Amino acid sequence: MTHVLILCTGNSARSIMAEGALNALGGGRFTAYSAGSKPTGAPNPFALAQLRAEGIDPGFARSKSWDEFAVEGAPALDLVITVCDSAAAEECPYWPGAPKRAHWGLPDPAAVSGSDAEKAAAFADAYGVIARRMAALVALDPAAADYDAQLKAIGALQ
């Protein structure tokens, strides 16, 4: 089992959708979690709607602090992925398990203004990129000599 923590500042949109996508696509080989450096306190309703549209029950989703994963008894992480530039630039806590790290930045769909249809379209677009990246992660062989390079390259997938 590969344990993956996906980070964003607010843990309300991108990281929650990524958590749901990886758990759905991971075929039981991955356990994904998400957290934020400054959690908003609630998942974005458009993120929850997008998960439902993808057939993923969003019942798992809650906006939480990354501090939950930096304490004794927290899951030993194999990989920490940042999906927003501000979280990637912040000094992260110590993660049990000395995980690998990757930055897969993605524009924040929650920052899109306009009609509900325009916002929903931004979330659908973001989810599409997230799903492609998570599918690529699931397909990687962690024993490959160029695993770290492949892991980094996933962040360029659109």
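Residues numbered from 1 in each chain as written. Predicted model: local features only at pLDDT ≥ 70, side-chain atom pairs only at ≥ 80, totals over all residues. Heavy atoms only, no water.

Topic: helix H1 (residues 14-25)
Right, so step 1: A rise of 1.5 Å per residue sets the reference length of H1, with its 12 residues, at 16 Å; its end C-alpha atoms lie 16 Å apart and thus fit the reference within 8%.
Right, so step 2: Across the 12 residues of H1, 9 count as buried, placing the element largely inside the fold.
Right, so step 3: Looking at H1, one finds that the buried residues are Arg14, Ser15, Ile16, Met17, Ala18, Glu19, Gly20, Ala21 and Leu22.
Right, so step 4: Buried residues along H1 sit against strand E1 (2-8), strand E2 (30-36), helix H2 (45-53) and helix H4 (116-139). (Helix = DSSP H or I, 4+ residues; strand = E, 2+ residues; numbered from the N terminus. Expected span 1.5 Å × (residues − 1). Buried < 20%, exposed > 50% of the residue type's maximum accessible area, 1.4 Å probe, protein only. Contact = heavy atoms within 4.5 Å.)

Thoughts on the nonpolar core
Right, so step 1: Counting residues in hydrophobic clusters, the biggest one holds 36 residues, and the most contacted among them are Met17, Leu22, Trp104, Met134, Leu137 and Leu151.
Right, so step 2: The set of elements that each furnish at least two residues to this core consists of E1, H1, E2, H2, strand E3 (79-82), H4 and helix H5 (147-154).
Right, so step 3: No other element matches H4, which puts 9 residues into this core.
Right, so step 4: Among all residues touching leucine 151, those that are not within four sequence positions of it are Leu79, Lys100, Ala102, Trp104, Leu137 and Leu140. (Core = buried A, V, L, I, M, F, W, Y, C linked by side-chain atoms within 4.5 Å.)

Quick look at the pairing of E3
Right, so step 1: Side chains Leu79 and Ile81 project from E3 onto one buried face, and the interleaved Val80 and Thr82 project onto a second face that is buried too.
Right, so step 2: When E1 meets E3, the two strands line up parallel, connected through 4 bridges. Note that in E3 the partner of leucine 7 across the bridge is threonine 82.
Right, so step 3: Two elements, E3 and strand E4 (residues 100-103), share 4 bridges in a ladder whose sense is parallel. The partner of isoleucine 81 across the bridge, within E4, is alanine 102. (Pairing = 2+ DSSP bridges.)

Observations regarding the environment of glutamate 118
Right, so step 1: Residue placement: glutamate 118 occurs in helix H4.
Right, so step 2: Taking the relative accessible area as the measure of exposure, glutamate 118 reaches 45% and is therefore partly exposed.
Right, so step 3: Setting aside its immediate chain neighbours within four residues, glutamate 118 contacts Val112 and Ser113.
Right, so step 4: Of note is the side chain of glutamate 118, whose polar atom sits 2.7 Å from the backbone nitrogen of serine 115. (Polar contact = N/O pair within 3.5 Å; in protein donor to acceptor, adjacent residues only side chain to side chain.)

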